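Coordinate inspection notes
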Amino acid sequence: MKKFFVTGGAGFIGSAFVRLVLEENEDISIVDFDALTYAGNLENLKDVDDARHTFIRGDICDRDSVLNAVPDGCDAIFNFAAESHVDRSIHSADEFLRTNIIGTQVLLDAARAKNVRRFVQISTDEVMGSLPDESDDYFTEDSPLQPNSPYAASKAAAEFVLRAARETFGVDTVTTRCGNNYGPRQFPEKLIPLMIANAINDDPLPVYGDGKNVRDWIFVDDHCRAIWKVYENGRSGEAYNIGARNEKYNIDVVKSILDALGKPHDLIAFVTDRLGHDRRYAIDPAKVEDELGWKPQMTWENGLQSTIDWYLNNQAWVDNIRNGEYRNYYKAMYGAELKAT
Ligand code: NAD
Ligand code: DAU
């Protein structure tokens, strides 16, 4: 039995990864370590009913807890745990620097202390900054790291911390840099679930700026399968860009959601732009495709429809969030321009 240590496994992508790995492999057990911040949710794991899955609530910055939790003979650490929302990082960067940088260092130290075979860092395309509008430029693994938001800066710093652990101490590391994920169980502060939830409730849909920012969307399970490939066969010390060649203007994504739900476009409300808003992300995934034989399986049309269906069928999941602390976040974020939900 191989032993994995997964951090952030109660979040959106981490929980999808845990589910997929346990479903597709019989010989793997997982210690799932998550602080259950506002974004962590045990509901995301309620269908993971498997003796091979052990959940531990803990903070990746807490050295002793991490050392106690990493199992002896651990084969790999997958670091999903992070503060992940750009808008929150603009409001306050502190937690981003703590969790995303210090937390990564603590995990790398634990990997060394426990002789973990491989460390997989879940990074993001945002470390490479922004591409010019409507250009033929793409992010490749050779693109310079040019983060523009406090969130992206903290993830870029984590990549440097990783590099140092490898160069100085020989820790076996690999990094994934994926574009925008969508799918079930994404916290409704992010574009797609926010728009779905608001549309279902006939609330206004807040689109930043002119709505012409471009994001490169990928279904969450396709990202998880790519992480698996990188873990299995990625070259030590390398980064792999992950994307489904699926660039969309934000405004078009929002209109597709309204159309799928049979809601009018006049629910769209253009609001003040995000500070330092990256204009375009677009990933060239040739390396992960050619070297590791990965290809996305989900089409945009099917992925978006199945995501909308999931939110329609799981309104209690959304309501639990919308009735909690999220209400204050939403009011502070959008209240001046939109009527509150
Ligand atoms: P998320 O916000 O949904 O989940 C983050 C999880 O980390 C939560 O369960 C939270 O409780 C946990 N966490 C936060 N701080 C912690 C701490 N100090 N100790 C332990 N656990 C802690 O995020 P997500 O969208 O699932 O993203 C997961 C990872 O993937 C992040 O590292 C993010 O940077 C990266 N990523 C996300 C996307 C995307 O589109 N969402 C794209 C590329 C990369
Ligand atoms: O590219 C990968 C990154 O994608 C991940 O590293 C981040 O963790 C993840 O949050 C995401 O970052 P973005 O900032 O691109 O995602 P978000 O869903 O916040 O916004 C997507 C686009 O939609 C962006 O151009 C801003 C815009 N937007 C977002 C919100 C929340 C709006 O127009 N209105 C909104 O209310």
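For clarity, every value in this text was computed on a predicted model and none was experimentally measured.

Brief notes about the environment of E159
In this fold, E159 is placed in helix α5 (residues 150–169). By relative accessible area, which is 8% here, E159 ends up buried. Sequence spacing of E159 and M128 is 31 residues, and the spatial spacing of their C-alpha atoms is 12 Å. With residues near it in sequence (within four places) discarded, E159 still touches S123, V127, L145, T175 and R177. At a separation of 2.7 Å, a polar atom in the side chain of E159 contacts the side chain of R177.

A look at the sheet that holds strand β10 (residues 239–242)
Strand order in the open sheet formed by seven strands is β3-β2-β1-β4-β5-β6-β10, and the pairing between neighbours is parallel. This sheet does not close on itself; its edge strands, each paired only once, are β3 (53–57) and β10. On average, each strand axis in the sheet is tilted by 20 degrees relative to the strand beside it, whichever way the strands run. Of the strand pairs in this sheet, strand β2 (residues 28–34) and β3 are connected by five bridges, and their pairing is parallel. By the bridge assignment for β3, F33 is matched with I56. Relative to strand β5 (residues 118–124), α5 is tilted by about 155 degrees, and along the sheet it contacts β5 and β6 (173–178). Seen against the sheet, helix α7 (residues 220–233) touches β1 (2–7), β2, β4 (76–79), β5, β6 and β10 and runs at an angle of roughly 145 degrees to β5.

Some words on the packing of aromatic side chains
The final tally for this structure, using the stated rule, is 22 aromatic pairs. Geometrically, the ring pair formed by F17 and F78 is tilted, given 4.8 Å between the ring centres and 45 degrees between the ring planes. A residue pair is termed long-range when its members are at least 10 positions apart, and F17 in helix α1 (residues 12–24) and F78 in strand β4 qualify at 61 residues. Since its relative accessible area comes to 0%, F17 is described here as buried. Looking at F78, the relative accessible area reads 0%, which means it is buried. Centroid distance F96 to Y151: 6.3 Å. Interplanar angle 80 degrees. Geometry classified as edge-to-face. Highlighted residues: F96 in helix α4 (residues 94–113) and Y151 in helix α5, separated in sequence by 55 residues. Taking relative accessible area as the criterion, Y151 reaches 8% and is therefore assigned buried. Site record: aromatic cluster; members linked through ring pairs are Y38, F187, Y208, Y326, Y329, Y330 and Y334. The ring of Y329 is capped by R88, whose NZ or CZ atom sits 4.0 Å from the centre of that ring. Cation over ring: K212 sits above Y249, and NZ or CZ is 5.3 Å from the ring centre.

Here's the deal with the site of ligand 1
Within the structure, ligand 1 sits among 28 residues, and I13, D34, S84, Y151 and K155 are positioned closest to it. Contacts to ligand 1 include F12, whose backbone N or O atom sits 3.2 Å from an oxygen atom. Note that a nitrogen atom of ligand 1 is positioned 2.9 Å from one of the backbone N or O atoms of I60. Protein contacts shield 96% of the accessible area of ligand 1, which totals 830 Å² for the unbound molecule. For the shell around ligand 1, the secondary structure elements donating two or more residues are α1, β5, α5 and β7 (180–182).

Here's the deal with the sheet that holds strand β9 (residues 214–219)
Spatial strand order, β7-β9-β11: three strands in an open sheet with mixed pairing. For this open sheet the edge positions go to β7 and β11 (247–249), each flanked by a neighbour on one side alone. Ignoring which end each strand starts from, the neighbouring axes of this sheet average 50 degrees apart. Across three bridges, the pairing between β7 and β9 is parallel. Paired with Y182 across the strands is F219, a residue of β9. Packing against the sheet, α7 makes contact with β7 and β9, and its axis sits at approximately 75 degrees to β9.

Re the nonpolar core
Counting residues in hydrophobic clusters, the biggest one holds 37 residues, and the most contacted among them are I192, I196 and I257. Contributions of two or more residues to this core are made by α6 (191–200), β8 (205–208), β9, α8 (250–260), β12 (268–271), α10 (300–313), α11 (315–322) and α12 (326–334). The leading source of residues in this core is α6, at seven residues. Those residues in contact with I192 that sit more than four places away from it in its chain are Y182, W217, V253, I257, W300, L304 and T307. Of all hydrophobic cores here, the second largest spans 36 residues; its members include V18, V48, V174 and Y240.

Description of the domain arrangement of the protein
For an interface, size is often stated in terms of accessible area lost upon the parts coming together. Domains assigned within the protein are domain 1 (2–181 + 216–242) and domain 2 (185–215 + 246–273 + 299–329). Between domain 1 and domain 2, the C-alpha centre-to-centre distance is 25 Å. Counting residues at the interface gives 21 residues for domain 1 and 22 residues for domain 2. For the domain 1 and domain 2 pair, buried surface summed over both sides reaches about 1,900 Å², with 49% attributable to carbon and sulfur atoms. Seen at the junction of domain 1 and domain 2, the total is two salt bridges. Salt-bridge contacts for R185 lead to D47; the nearest nitrogen and oxygen are separated by 3.8 Å. At the level of secondary structure, the elements contributing two or more residues to the side of domain 1 that touches domain 2 comprise α1, α3 (86–91), β7 and β9. Broken down by class, the residue content of the side of domain 1 that touches domain 2 amounts to six nonpolar, seven polar and eight charged.

The rules behind these values
Residues numbered from 1 in each chain as written. Chains lettered and ligands numbered in written order. Predicted model: local features only at pLDDT ≥ 70, side-chain atom pairs only at ≥ 80, totals over all residues. Heavy atoms only, no water. Helix = DSSP H or I, 4+ residues; strand = E, 2+ residues; numbered from the N terminus. Buried < 20%, exposed > 50% of the residue type's maximum accessible area, 1.4 Å probe, protein only. Contact = heavy atoms within 4.5 Å. Polar contact = N/O pair within 3.5 Å; in protein donor to acceptor, adjacent residues only side chain to side chain. Pairing = 2+ DSSP bridges. Axes fitted to C-alpha atoms, helices over the stretch in contact; angles between N-to-C directions. Phe/Tyr/Trp six-rings, centres within 6.5 Å; stacked < 30°, edge-to-face > 60°. Lys NZ or Arg CZ within 6 Å of the ring centre and 35° of its normal. Near = heavy atom within 4 Å. Areas by Shrake-Rupley, 256 points an atom, 1.4 Å probe, with all protein chains shown as cover. Core = buried A, V, L, I, M, F, W, Y, C linked by side-chain atoms within 4.5 Å. Domains from an automatic or database assignment. Buried area = accessible area lost by both parts, 1.4 Å probe. Salt bridge = Lys/Arg side-chain N within 4 Å of Asp/Glu carboxyl O. Nonpolar A, V, L, I, M, F, W, Y, C, P; charged D, E, K, R; others polar.

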